[in-house]
Each structure stands twice: as C-alpha cells, then as structure tokens.
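Geometric and topological summary
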Amino acid sequence: MMTSAKTNSYRNTALASIIGAVAFLYIGIFAGIDLSPMPESIKTASLKPAPELETVKKKKPVYRRGPEVIALSQYFKSIGYTLNDVSEVPRVYIKRVPKGLGDLESVDERKQMFLRIMLPLAMRVNEEITARRERLLAIQAKGISGIPVNESDQQWVNQLMKRYRVTDGGITALLERIDVIPTSLILAQSAEESGWGTSRFVRTGNALFGQWAWGDDEGIVPKGREEGKTHVIKSFGSLMDSVRAYARNINSHPAYQSLRDRRATLRAEGQMISGWELAETLTKYSERGEEYVDSLHAIMSVNGLNELDGLAFAAGDVPPPPKVLAALEE
C-alpha cells in the first residue's frame, strides 16, 4: 500500500509540474517572451557590445592647377605683378590664355589672371593708337602752317582713311576715329565676350570679342550655325591681334558712331574719356541691347575696372614670360 501511495504521489507531482510548465509556456507566448533556451556561445556573444559601424569617408578630389597656369602665376609673382593698388604695369604681352584657366576652382583667381593678361595688351593697343593720333596731329599742324605734306605722310593718311572707312573730312574726320578706348571698357568687353578667357573661341583662336568673319577658313564655325549661313568667329594669331582688331572695329564700324560721337564730345570739353560712359552707347554691340550695357557696368563695378583707366607702363624691362605663352611680337 505504501508503494502504491508513493507512486500516486509521484504521478501527481509530475502531472502538476507538466501542467505548470505548459501553463508557463503559454503565458510566455501571449506575453511575447522568448523562453527558448539559448546556447552558451550565443549568450556570451550577446553580452559583447556591438562593434561601431565604420564611416566610409569619401576622398575629396585633389585640386590641381594646370602646368601653364602654374607657370604664368609664378611668373607674375616673380615680377611683383598684382592688381592690388597697382600704379604701374609691366610690359608683359601674353600670346594666349594658359591651358587650364577655365578649370581653376577659384573664380577670383581666374578673373585676376585674365585681367593681368589683358591689362598690358589693352594699354599697348591704346599706346599705338595714341602714336598714330599724334602723328596725324603733327601732319595737320603742318598743313595749317602752310608747310607742304610730304608724299610719305600723304600715303600714310590715305591708307588710314581706307582702313577706318573715312570718305571725306580728311584728317579731322580721322582724328574722331583714331582715338583711345578706355582700358576699363576693353577689359569689361573681353571678359563678357570670352567668359573671362574660357570660351572655345578664345581657347582655339584667340577670339576675345566674338567678331564675325565670312568663310570657314577665316575662323571658327559656331556650334549650331544655321544651314546656309557662312559666318564664323574670326580667329587671330595672338591675343594682341584680337585687341587690335576690336579697337579698329569700334573706331570704324557705323554701328558704333554714337560711341565715337560721345568720345569726341568728352575730349572737346576737356573731360576724361570714361569707359563707363562710353559703354552706355554699345546697345548695338549685342542683341541684348540695354541688358548688355548693364552687364558691362556690373563687370566694371564689381571688379574695380574703372580704377585701371589712366595707368602707365612701368619703366625698365622685365624678364620675358614663359616661352609657350609669350607674344611672338610686340
């Protein structure tokens, strides 16, 4: 009997344990508790802190200047040529813009290099115009004094009349056309027309001002030129030649008569010939009209170009620029 009682007791205890375990399992399921056993290796691993995710840093592209840009920049530095408080300008004539100018990350650096290239060129062209003007004045003075003009001078005057499209008025008419163009205006237009020296036309043909010519052998064919059109952007052997052609165009083309009239008035009144004021007459230079004039004024104002008018060349020679960028001739 004792054995039977003990057996029953064991059975009851086991049954109660099983019922309790099942009940506990269901409670865990409904409560969302994971009661499944976990291996020791997993337990140990779960106690370790999760490793921090490594942040992948993108490498910043290295900013490099082209070798020609570096060479020209170092050259300007070696001769002390900057536009900060400039009072005298070195006679440095660069043949073409350096490769890589348009790749410069700094807009200000690009502008400063372009202006330093252009300033001596603009001043040199005005120097040439002034020399012609002074010779014309001397010839005119001889005529007024009753001194016969020699054959050489007369031939020279006749050539100028053809070049500058003067049909009557003689030397007086020529003097209205052969006159300086303010440096500030030359710089502003060259910057506007060439994208600060980065356009395809200036890079491949030294075409600073977008002057037209006819015949594909004369220059660069514009992209998207309409079928049947024959105009090209005239190319030049050097930047200096481009500035010379621009000056002759401004001083001779009928479209810019109002500029020449304004300049003659300023000169007659003894006033300074201002690039800002002459720019107001250039509504026919671009299809943009008044908007084009506003753009020139903005370039002059933002970049302090008016302060560059009236500068003189420095006395004495400077070392020549890098050969690859040096002008072929002055």
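Predicted, not measured: the structure shown is a model, and the values here were computed from it.

Another aspect to go through is the overall build of the protein chain. When you go through the protein chain residue by residue, the secondary structure sums to 12 helices and five strands. Counting across all 330 residues of the protein chain, residues that qualify as buried make up 38%. When contacts within the protein chain are restricted to residue pairs at least 6 apart in sequence, those whose partners lie at least 24 apart make up 67%. Accessible area for the protein chain stands at about 20200 Å²; split by element, carbon and sulfur atoms hold 54% of it.

Overall, antiparallel pairing links the three strands, which are arranged β2-β4-β3 in an open sheet. In this open sheet, the two strands that pair with only one neighbour each are β2 (212–214) and β3 (219–220). Taken together, the three bridges between β2 and strand β4 (residues 231–234) define a ladder with antiparallel strand orientation. Bridge pairing links Trp212 to Ile233 in β4.

With that settled, consider helix α7 (residues 183–194). In this model, α7 (12 residues) spans 16 Å end to end at C-alpha, consistent with the 16 Å of a helix rising 1.5 Å per residue. When you tally the buried positions in α7, you get 10 out of 12 residues, the bulk of the element. Residues of α7 that are buried: Thr183, Ser184, Leu185, Ile186, Leu187, Ala188, Gln189, Ser190, Ala191 and Ser194. Tucked into the core, α7 has its buried residues touching α4 (107–145), α8 (200–205), α9 (239–252), α10 (257–268), α11 (275–279) and α12 (290–302). Phi turns positive one or two residues past the end of α7, at Gly195, with a value near 60°.

Criteria and cut-off values
- Residues numbered from 1 in each chain as written.
- Predicted model: local features only at pLDDT ≥ 70, side-chain atom pairs only at ≥ 80, totals over all residues.
- Heavy atoms only, no water.
- Helix = DSSP H or I, 4+ residues; strand = E, 2+ residues; numbered from the N terminus.
- Buried < 20%, exposed > 50% of the residue type's maximum accessible area, 1.4 Å probe, protein only.
- Contact = heavy atoms within 4.5 Å.
- Areas by Shrake-Rupley, 256 points an atom, 1.4 Å probe, with all protein chains shown as cover.
- Pairing = 2+ DSSP bridges.
- Expected span 1.5 Å × (residues − 1).

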